[in-house]
Amino acid sequence: MIYTFIFDVDGTITPMGLPIEYGMKNFLLRKLQNIKFYLITGSCYQKTLGQVGNKLMNLAESTFHCCGTKMYQKGEEVWSLNDKPDKEIYKYLQDYINNSDYPYKYGNHIVDRETMINFSVSGRNCPHHMRERYINYDYHTGERIKIKVGLESRFDVDVYLGGTLSVDIVPKGAGKHLSYYRMIGDYQFVFFGDRCFEGGNDQKMKEVVKSQGGIVHEVYDWTDTYDILKEKYLY
């Protein structure tokens, strides 16, 4: 059987919020030389480049960024969603930061990626060792779900839980799943994602791949992806 792979990036082929591990990177570069694959992520191109490196990015057929609203090939942007999120959202998000009970706020909370907004109460400047504090806070308070519900009830947007600290805000109807229709596959698609749960930014891609007869692997972290690839696909 010939497969075409679709990989989420952060938490799926890399540790959450960190660069790809040396062994995983070399494994993918060796095994995917003659196999079609795509990368899809909520992050912008430059952040993804910093996580996985130029060689793996260029080896992919295409890479999709900003929750599937931008498409790159060999480092060049070849497509972008024309719609932009409502500018009124920024005031709403700033008010939310000011009123949130979470005490540790590190700045860079609202990141404009043109076709999407990434928002986190802790901020993208949150030190790695402090991430667990917000993860625990969000687990007990459901803050990110409240942010999602609040935004979707006030604005014409879809909001997805991305990573462990933030939400991805895109125009209504947009998301990673739309990139599926810009992919060319050999036989069967196989998708790996770590945010396939209800409201996660991999959920709709999971549903689309399954509806088209593809295979989905919902992974806990990059080591799951590595083990599954070695056992089932890339011997």
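In this report, the structure presented in the accompanying data block is examined.

The rules behind the values
Residues numbered from 1 in each chain as written. Predicted model: local features only at pLDDT ≥ 70, side-chain atom pairs only at ≥ 80, totals over all residues. Heavy atoms only, no water. Pairing = 2+ DSSP bridges. Helix = DSSP H or I, 4+ residues; strand = E, 2+ residues; numbered from the N terminus. Phe/Tyr/Trp six-rings, centres within 6.5 Å; stacked < 30°, edge-to-face > 60°. Buried < 20%, exposed > 50% of the residue type's maximum accessible area, 1.4 Å probe, protein only. Lys NZ or Arg CZ within 6 Å of the ring centre and 35° of its normal. Axes fitted to C-alpha atoms, helices over the stretch in contact; angles between N-to-C directions.

Pairing geometry for strand β10 (residues 188-193) and strand β11 (residues 215-218), over 4 bridges, is parallel. When the bridges of β11 are listed, F192 appears paired with H217.

What follows is about the packing of aromatic side chains. The full count for this structure, using the stated rule, is 20 aromatic pairs. Centroid distance Y3 to Y233: 5.0 Å. Interplanar angle 85 degrees. Geometry classified as edge-to-face. With a gap of 230 residues between them, Y3 in strand β1 (residues 3-8) and Y233 in helix α8 (residues 222-233) connect regions that are remote in the sequence. Residue Y3 is classed as partly exposed on the basis of its relative accessible area, which comes to 22%. Each ring, one from Y102 and one from Y104, has its centre 5.8 Å from the other, and the planes form 70 degrees; the classification is edge-to-face. For Y102, a relative accessible area of 3% corresponds to the buried category. Over the ring of W79 we find R182, and its NZ or CZ is 3.9 Å from the ring centre.

Judged by pairing direction, the sheet is mixed, and its 7 strands sit side by side in the order β5-β4-β3-β2-β1-β10-β11 without closing on themselves. Because the sheet does not close on itself, it has two edges, and the strands there are β5 (76-80) and β11. With direction set aside, neighbouring strand axes in the sheet form an average angle of 20 degrees. Relative to strand β2 (residues 37-40), β1 runs parallel, the two sharing 4 bridges.

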